[in-house]
Amino acid sequence: MLHTLSDDSLLSKVKALAGEERRIHRQVLETLLEVDRRKLHLARGFSSLFAFCTDELGYSPASAQRRIASMRLLQEMSPPEREQVQTKIESGTLTLNHLAQLQSVARAERWDLHAKREMLQSVEGKSVRQCEKILASQMTSPTMPRESIRPVSATQSQVTLVLDDQTLNLLERFKELTAHRNPQATHAGAIRLALQIAVERVDPAREVKARAAPAESANAERSANPESDTRVPHSVPTQEAAASHRRSTPNFNRRPSRPLRRSIWRRDQVCQYVDPITGRPCTSQFKLELDHHLPFSKGGSTTAENLRLLCRAHNAHFGGRLKPGSQ
Ligand SMILES: [Zn+2]
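Thresholds, definitions, all that
Residues numbered from 1 in each chain as written. Predicted model: local features only at pLDDT ≥ 70, side-chain atom pairs only at ≥ 80, totals over all residues. Helix = DSSP H or I, 4+ residues; strand = E, 2+ residues; numbered from the N terminus. Buried ≥ 20, exposed ≤ 12 C-beta atoms within 10 Å, placed from the backbone. Contact = placed C-beta atoms within 7 Å. Core = buried A, V, L, I, M, F, W, Y, C linked by C-beta atoms within 7 Å. Domains from an automatic or database assignment. Pairing = 2+ DSSP bridges. pLDDT = per-residue confidence, 0-100. Axes fitted to C-alpha atoms, helices over the stretch in contact; angles between N-to-C directions. Parallel < 35°, antiparallel > 145°, perpendicular 65-115°, else oblique. Nonpolar A, V, L, I, M, F, W, Y, C, P; charged D, E, K, R; others polar.

A separate point is the overall build of the chain. Counting its secondary structure elements, the chain contains 14 helices and 4 strands. By the burial criterion, 19% of the 327 residues in the chain qualify as buried. Taking the contacts inside the chain whose residues are at least 6 apart along the sequence as the reference set, 57% of them involve residues at least 24 apart.

Here it is in structure tokens:
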């Protein structure tokens, strides 16, 4: 069909389609704004709008990021101003690239809406390259390379990140201290060892090993666990007494005992939110928090049956009331 078109018709057609694409960009941004306003991505079991855009809508991470950053910029504007910018997106003088680049620099430079407005005027109608140059010329801090992870083999990835002096000194010091366990003294070896030690310490699902000397092991556990809850009174002298205290008052505290917390972490491992409509589980492992299924304030007990792990987004959005996924 296309190969029978004249050159002029083919060019007209591709121009018309590009215009249609810009109109669709506008509509996608408008629709995302409303999805975000209703927090529908959370209700449907996604831990973030980014996860919704990549997993549900099929955008690449970069495409999702451009759309979300553009949408966030529009979100800050008044409806009439938003309308003006959207008209420019439709005409092509402003693109998702302009908006997303501007939003990213603005975040790093902490620009307010007034500054963003001025820069939007400066980049309007400019090419991607020109836009980058204009924005870079306004930056007070040097442009840092973006953090990235790129697979280089089936089991290895190249990681790009920028470390400050303090972090680099810590890394070097760690390498010295652990030279016997990392004989090649590689950064990768040191990072793996450091992470193994760190994860072992902060993983709430970990087993407590030493039980021989109760008082000592309790102290060791407290000092080894940065998440130890300082709000829980530690006046109970032994673990035995603490256990009996917990047995006698299982629902008294909103805050679960440490063994109960560990058992929930081991059982759940991922966000337990499930969209009641589609049945889609969230399964995010990002910033997991313990949640009372039936809220504590409404008489919900602090028991394994009533506790679950939720990611921060779902806990924040559905906290303090009966959740759609709880029935
Ligand atoms: Zn979640």
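Following the structure, the description resumes.
Counting residues in hydrophobic clusters, the biggest one holds 37 residues, and the most contacted among them are Leu99, Leu102, Val123, Leu135, Cys271 and Cys311. The leading source of residues in this core is helix H6 (residues 96–109), at 6 residues. Taken domain by domain, the makeup of this core includes at least three residues from each of domain 1 (2–137) and domain 2 (252–317). Leaving out residues up to four positions away in the same chain, Cys311 has contacts with Ser47, Cys271, Cys282, Ser284, Phe286, Lys287 and Leu288.

Below, the discussion takes up the pairing of strand E2 (residues 157–160). With 4 bridges connecting them, strand E1 (residues 148–151) and E2 associate as antiparallel partners. Residue pairing across strands places Arg150 opposite Gln158, the latter belonging to E2. Linkage of E1 to E2, two consecutive antiparallel strands, is achieved through a turn of 5 residues.

Moving on to the confidence of the model for the chain. Within the chain, residue pLDDT values average 84, and 82% of them lie at 70 or more. Low confidence marks residues 241–248, where pLDDT is under 50. Its contacts with residues over four positions away, or in another chain, come to 4 contacts.

This part takes up unusual backbone geometry. A positive phi angle is found at Ala185, which is not glycine, with a value near 55°. Examined against the element boundaries, Ala185 turns out to sit in the loop between helix H9 (165–177) and helix H10 (187–202).

What follows covers the packing of helix H4 (residues 61–76) against H6. Where H4 contacts H6, the two axes come as close as 8 Å, and the packing angle between them is 75°. When the interaxial angle is binned, H4 and H6 end up roughly perpendicular. Contact with H4, carried on its side by Gln65, Arg66, Arg67, Ala69, Ser70, Arg72 and Leu73, involves Leu96, Asn97, Leu99, Ala100, Leu102, Gln103 and Ser104 of H6 and no other residues of that element. Residue composition of the contact of H4 with H6, grouped by class: 6 nonpolar, 5 polar and 3 charged.

Each packed pair of helices is defined by two parameters, the angle between the axes and the distance between the axes. Where helix H1 (residues 7–38) meets helix H5 (residues 79–91), the axes come as close as 7 Å, and the angle between the chain directions of the two elements is 150°. Classified by the angle between their axes, H1 and H5 sit roughly antiparallel to one another. Each of Arg22, Arg23, His25 and Arg26 in H1 lies in contact with H5, whose residues at this interface are Gln86, Ile89 and Glu90. The residue makeup of the contact of H1 with H5, split by class, is 1 nonpolar, 2 polar and 4 charged.

A few words on the environment of Ala185. Among the residues examined, Ala185 registers 12 C-beta atoms within 10 Å and is labelled exposed. A C-alpha to C-alpha distance of 6.4 Å links Ala185 and Lys175, two positions 10 residues apart in sequence. Once you skip the residues sitting within four places of it in the chain, Ala185 turns out to touch Lys175 and Ala179.

Let us now look at the environment of His314. Its place among the elements puts His314 in helix H14 (residues 312–318). For His314, the residues in contact, after removing those within four places along its chain, are Leu42, Ser47, Cys271, Tyr273 and Cys282.

Below, the discussion takes up the environment of Arg266. Structurally, Arg266 is set in helix H13 (residues 258–268). Considering only alpha carbons, one finds Arg266 and Pro204, 62 residues apart in sequence, at a separation of 8.1 Å.

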